[in-house]
Amino acid sequence: MTQTPLNQSIFRLVAGLVILTALTTFINVWIATDEQTREKLERDLSIAENVLQRVLQSREDLLYISASVLTADFGFKQAVASLDKGTIDSALFNHGQRINADLMALVSLTGSSITSVPAALKMDQEFPYPQAIESVISKGGYTSLMMLNKQLYQVIMLTVDAPTPIAIALVGFKLGDPILAQLKDITKLETTLQVYSQQNEIFKISTLPAPLVEQALAQINERPSWLSITITQDTPYVSQQFTLSDALEHQTIITLSEDAQLLFADFNSLQFSITALGIIVILLATFLAALFSRRISKPLVVLADIAKRIAVGDYTKDAVVETKTTEVSLLSKAFSKMQSNVQTREEEIIFQARHDVLTSLYNRQHVETLLEQKFSDNDNFVAIGINIFGFRGINDVFGYHNGDHCLEELAQRLSKFDGIAARLTGGELLWIPSQQPSQESIESIKSTLEAPINAIDVIINIKVALGLIYCPKDANNAEQVFKRLNIVLDEAQITRQFVLAFDSPLEARYSRRLSIITELKNTLDHRQEELSLNYQPKLDLQEGKVTHVEALIRWTNTSLGFVSPEDFIAVAEQAGFIEGITNWVINRAIKDAAIFRDAEVDVSIAINLSAKDIMNPALLPNVLDLLQANNLNTQCLSFEITEGDLVKDHNKAITHLQAFRDNGFEIAIDDFGTGYSSMAYLQNLPVNTLKVDKSFVLNLHENQGDQKIVKTVISLAHSFDMNVVAEGIENIQALTLLAQWGCELAQGYYICKPTSADKFISWYQDNLTTKWL
Ligand code: C2E
Ligand code: CA
Ligand code: CA
């Protein structure tokens, strides 16, 4: 749809209305005036005709009186009877003088003229109209227009009676230019008089100059319009014709003509005034319409402009527009309000879009933008990832409201430091200090963040890990920063290093961990043949024979090759696959236990368990079922647990372990000495063996410190009625020392490396009689 600007529409409407009104008035006035003028014309013409008739009538009356007086005059009668020409002429002359007659004559009854004053009719000449003579004699009088001597006369004829008619007296007025001029004086019309005899014009006079007469006569009864007169300019006369008399074979025709220019002169000036007025009104209206439409449309245009700016988010200009129109003023105020509302709402939306709802720190999306900005500015900066250790645990143990509170508090503490602070995910924050902090200040910031948190109903101690990414050295875009933060924070979590800077080996380890997760899942689901169990014997130092073996898992993957359990067990624990591994190990170990029994290899198989396994209530029933299915007793299996795993949910762990113990399983604390737990703590644990970590044993023969520790551990264990296993024995010296100190079991490469079930059986049989000490 084509659109027209408002001011143009208003302008067109107003101007159109005014022009229409002006035109209508103009046409109406025109029609009315034209009509009036025509009526006036008709009136003028008929008045003129009337006047002419009256003039002729009054002249006829005059003629009649004069003729009556003349014919009644006794002297005149006597002169006529006596044919006294001198007296007759003088009487005619005198009477004619009195009424200013143009023709006085005495005609014999036979029609031969006798005398006339002036001498229009010659003596002894036949009177040209014998019918008139007859009519006078028979009726006593006769009146008519008649041509006499090539002149037109109004004539009255009366008999001169003595007492019978003896002659005819004739009195006449000339119908000539003077009377026409007189008529024109009265009527203001041009008059043309024509006499026709048998269709031939025999006489013509006119008030019009000769050249115009023909033109006036040519357009009898034509009624030209004002327009045609104005345009053509060649119709100066409007004429009307009537027959004045038709007697004596002569037709007298009068043509009255009015000058059309004059006729329409008033009309012209009126039309001119109206036209001029119309034009003035139209111009004025046009001007006012333009002014008015501008007054309405200008603020609207300004408002439209403001709306466009609001649309692109520019709120700098006030939306109030100066106007005298109430509606526009209302609109402008509404605009102003809308602008401020839109602005506030936009600010709110922008804030929400950029900030984390819980902590009010920047969110991940926005900090990404800020990071990209820093990279494009070529800034040198450090991005510090902050991770709450075991944040999920906090949520689980203290509830989500307390977890949230922890985050809010931490965010508040963090936002006190200069720089950009953001929340990335769950318990992970990001801080980009405005100035690169020193190692000491990082430590002090860390301890500020770790201050105990007064949560809603508890005091929560939190530990945080800080992962540092130095940019652009360690990362050159936001995505890399996030990715490497994940890596460094993961590593910090796994290795329990609390402030850790990113370096490239870290990433290599990380991606290896990722591929381990992928491959391990595949192996467990589809390729369990990649897994195998090795056995490493434990030598009973008192009896000098092998009574236990430790089951150690082996994994040779198609794409990763051999992967050490040191590398994949921890990953499997984190990734949640450990249950699958443990099940596989237990199944295989129990099958092998049956094989060992059948081969008369009398050993108990120690299985390594993870924290998750201990907490798994299905594990014990499963083990018992499998043993029963293979006709094995609980002495066939024992378990090793790392002490760190027990600390997490102490009471539950104790309950579960107690159940194992109640069923006759031996349980050892693995890697003893590397954790934090005290002997007092161990005292309450339902375990019967301590397994001294190999780090204290590997160099036992030459390290006094290790010797002291191991000796102390052994005597302490014994005071708690526990057995001691030493692992990592690589030489005879260590074996000897341990035997001297009363250690119950020894395990190490010196005795035997972990090996397959088959090979172990052979080894076992080969070494039945070996003297180890
Ligand atoms: P661990 O339970 O402490 O196992 C003992 C580790 O020490 C084994 O390493 C073993 O090969 C090694 N070792 C034994 N004697 C010596 C020695 O004389 N010198 C040296 N240098 N090392 C010795 P391996 O098999 O690589 O296992 C590493 C760790 O993987 C284990 O440590 C254990 O924590 C875990 N692991 C192994 N198999 C399993 C399993 O089936 N389940 C679970 N949950 N963890 C397992
Ligand atoms: Ca172990
Ligand atoms: Ca160990």
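This report concerns the structure included in the present document. (Residues numbered from 1 in each chain as written. Chains lettered and ligands numbered in written order. Predicted model: local features only at pLDDT ≥ 70, side-chain atom pairs only at ≥ 80, totals over all residues. Heavy atoms only, no water.)

## Some details on the pattern of salt bridges
Working step 1: Counted according to the given criterion, the structure contains 24 salt bridges.
Working step 2: For E190, the salt bridge identified is with K184, shortest N-O distance 2.9 Å.
Working step 3: Several salt bridges converge on common partners, so that one network encompasses K538, E550, E640, K691 and E727. (Salt bridge = Lys/Arg side-chain N within 4 Å of Asp/Glu carboxyl O.)

## Points about the site of ligand 1
Working step 1: Looking at ligand 1, there are 22 residues lining it, with Q536, D670, K694, E730 and Y749 nearest.
Working step 2: N608 is positioned with one of its side-chain polar atoms (N or O) 3.1 Å from an oxygen atom of ligand 1.
Working step 3: Between Y749 and ligand 1, the recorded distance is 2.8 Å, taken from a backbone N or O atom to an oxygen atom.
Working step 4: With the chains in place, 88% of the 790 Å² that ligand 1 exposes on its own is no longer accessible.
Working step 5: Sort the elements by how many residues they give to the shell around ligand 1 and strand β18 (residues 545–557) lands first, with four residues.
Working step 6: Counted by class, the shell around ligand 1 contains nine nonpolar, five polar and eight charged residues. (Near = heavy atom within 4 Å. Polar contact = N/O pair within 3.5 Å; in protein donor to acceptor, adjacent residues only side chain to side chain. Areas by Shrake-Rupley, 256 points an atom, 1.4 Å probe, with all protein chains shown as cover. Helix = DSSP H or I, 4+ residues; strand = E, 2+ residues; numbered from the N terminus. Nonpolar A, V, L, I, M, F, W, Y, C, P; charged D, E, K, R; others polar.)

## Details of the sheet that holds strand β6 (residues 190–197)
Working step 1: Strand order across the open sheet formed by four strands is β7-β6-β9-β8, with antiparallel pairing between neighbours. Taken across any chain shown, the strands that pair with only one partner, and hence form the sheet edges, are β7 (200–206) and β8 (237–247). Strand-to-strand twist across the sheet, computed as the mean angle between neighbouring axes with direction ignored, equals 20°.
Working step 2: In this sheet, strand β9 (residues 250–259) lies alongside β6 in antiparallel orientation, the contact comprising eight bridges. Across the sheet, the residue bridging to Y196 is Q251, located in β9. (Pairing = 2+ DSSP bridges. Axes fitted to C-alpha atoms, helices over the stretch in contact; angles between N-to-C directions.)

## Topic: the coordination of the calcium ion (ligand 3)
Working step 1: The protein atoms that coordinate the calcium ion (ligand 3) are D670 (OD), D671 (OD), E727 (OE) and E727 (OE), at distances spanning 2.0 to 2.8 Å.
Working step 2: All donor residues of the calcium ion (ligand 3) come from one chain, and their arrangement in sequence is D-D-x55-E.
Working step 3: Separating the calcium ion (ligand 3) from the calcium ion (ligand 2) is a distance of 4.1 Å, and D670 supplies a donor atom to each of them. With a gap of 57 residues between them, D670 in strand β22 (residues 666–672) and E727 in strand β24 (residues 723–727) connect regions that are remote in the sequence. E727 matches D670 in its accessibility class, with the two residues each being buried. (Donors = N, O, S within 2.8 Å, 3.2 Å for Na, K, Ca; no water. Buried < 20%, exposed > 50% of the residue type's maximum accessible area, 1.4 Å probe, protein only.)

## A closer look at the coordination of the calcium ion (ligand 2)
Working step 1: E550 (OE), N608 (OD1), E640 (OE) and D670 (OD) make up the full set of protein donors to the calcium ion (ligand 2), lying at 2.0 to 2.3 Å.
Working step 2: Positions of the donor residues of the calcium ion (ligand 2) along the chain correspond to the pattern E-x57-N-x31-E-x29-D.

## Brief notes about the packing of aromatic side chains
Working step 1: For the coordinates displayed, the defined rule picks out 13 aromatic pairs.
Working step 2: Taken together through their ring pairs, the aromatic side chains of Y535, F596, F760, W763, Y764 and W772 make up a single cluster.
Working step 3: One cation-aromatic arrangement involves R364 over F482; the distance from NZ or CZ to the ring centre is 4.0 Å.
Working step 4: Directly above the ring of Y749 sits K753, whose terminal nitrogen or CZ lies 4.8 Å from the centroid. (Phe/Tyr/Trp six-rings, centres within 6.5 Å; stacked < 30°, edge-to-face > 60°. Lys NZ or Arg CZ within 6 Å of the ring centre and 35° of its normal.)

## A short note on helix α5 (residues 177–187)
Working step 1: Within the sequence span of α5, burial applies to I179, L180, L183 and T187. Projected onto a plane normal to the axis of α5, the buried residues spread over an arc of 100° and lie on a single side. In α5, the exposed positions that point more than 90 degrees away from the buried face belong to P178 and D185.
Working step 2: Lining the buried residues of α5 we find α1 (6–72), β5 (165–174), β6 and β7.
Working step 3: Of the residues trailing α5, K188 is marked for its positive phi of about 65°. (Arc of directions from axis to C-beta. Contact = heavy atoms within 4.5 Å.)

## Regarding the environment of G728
Working step 1: One can find G728 in the loop between β24 and α25 (732–740).
Working step 2: Those residues in contact with G728 that lie beyond four places of it in its chain are K694, V697, L698, Q747 and G748.

## Details of the nonpolar core
Working step 1: Formed by 85 residues in total, the largest nonpolar core has its most connected members in Y535, F596, I605, L738 and F760.
Working step 2: Examining the composition of this core, we find that 10 residues originate from one element, helix α18 (residues 578–598), more than from any other.
Working step 3: Residue contacts for F596: discarding those within four places in its chain leaves Y535, V549, V601, V603, I605, A757, F760 and I761.
Working step 4: Among the nonpolar cores identified, the runner-up in size contains 46 residues, and L103, L183, L248 and L256 belong to it. (Core = buried A, V, L, I, M, F, W, Y, C linked by side-chain atoms within 4.5 Å.)

## Comments concerning the side chain of H548
Working step 1: Relative to the assigned elements, H548 resides in strand β18.
Working step 2: Judged by its relative accessible area of 13%, H548 is buried.
Working step 3: Within the local environment of H548, its side chain forms a polar contact with the side chain of T547, the two groups lying 2.8 Å apart.
Working step 4: Of the polar contacts made by the side chain of H548, one reaches the side chain of E666; its length is 3.2 Å.
Working step 5: Those residues in contact with H548 that lie beyond four places of it in its chain are Q536, P537, K538, V603, S604, E666 and L745.

## Overview of the pairing of strand β21 (residues 637–642)
Working step 1: Taking burial as the measure, the six residues of β21 include five buried ones, the bulk of the element.
Working step 2: When strand β20 (residues 604–609) meets β21, the two strands line up parallel, connected through five bridges. Note that in β21 the partner of I607 across the bridge is F639.
Working step 3: Bridge analysis of β21 against β22 gives five bridges, and the strand direction is parallel. Residue pairing in the sheet places I641 in a bridge with I669 of β22.

## Focus on unusual backbone geometry
Working step 1: With an omega of -15°, the peptide bond running from A162 to P163 counts as cis.
Working step 2: Mapped onto the fold, P163 is located in the loop between β4 (151–161) and β5.
Working step 3: The omega torsion across C471 and P472 is 5°, close enough to zero to call that bond cis.
Working step 4: The backbone phi angle of N149 is positive, close to 55°, even though this residue is not glycine.
Working step 5: With respect to the secondary-structure elements, N149 resides in the loop between β3 (141–148) and β4.

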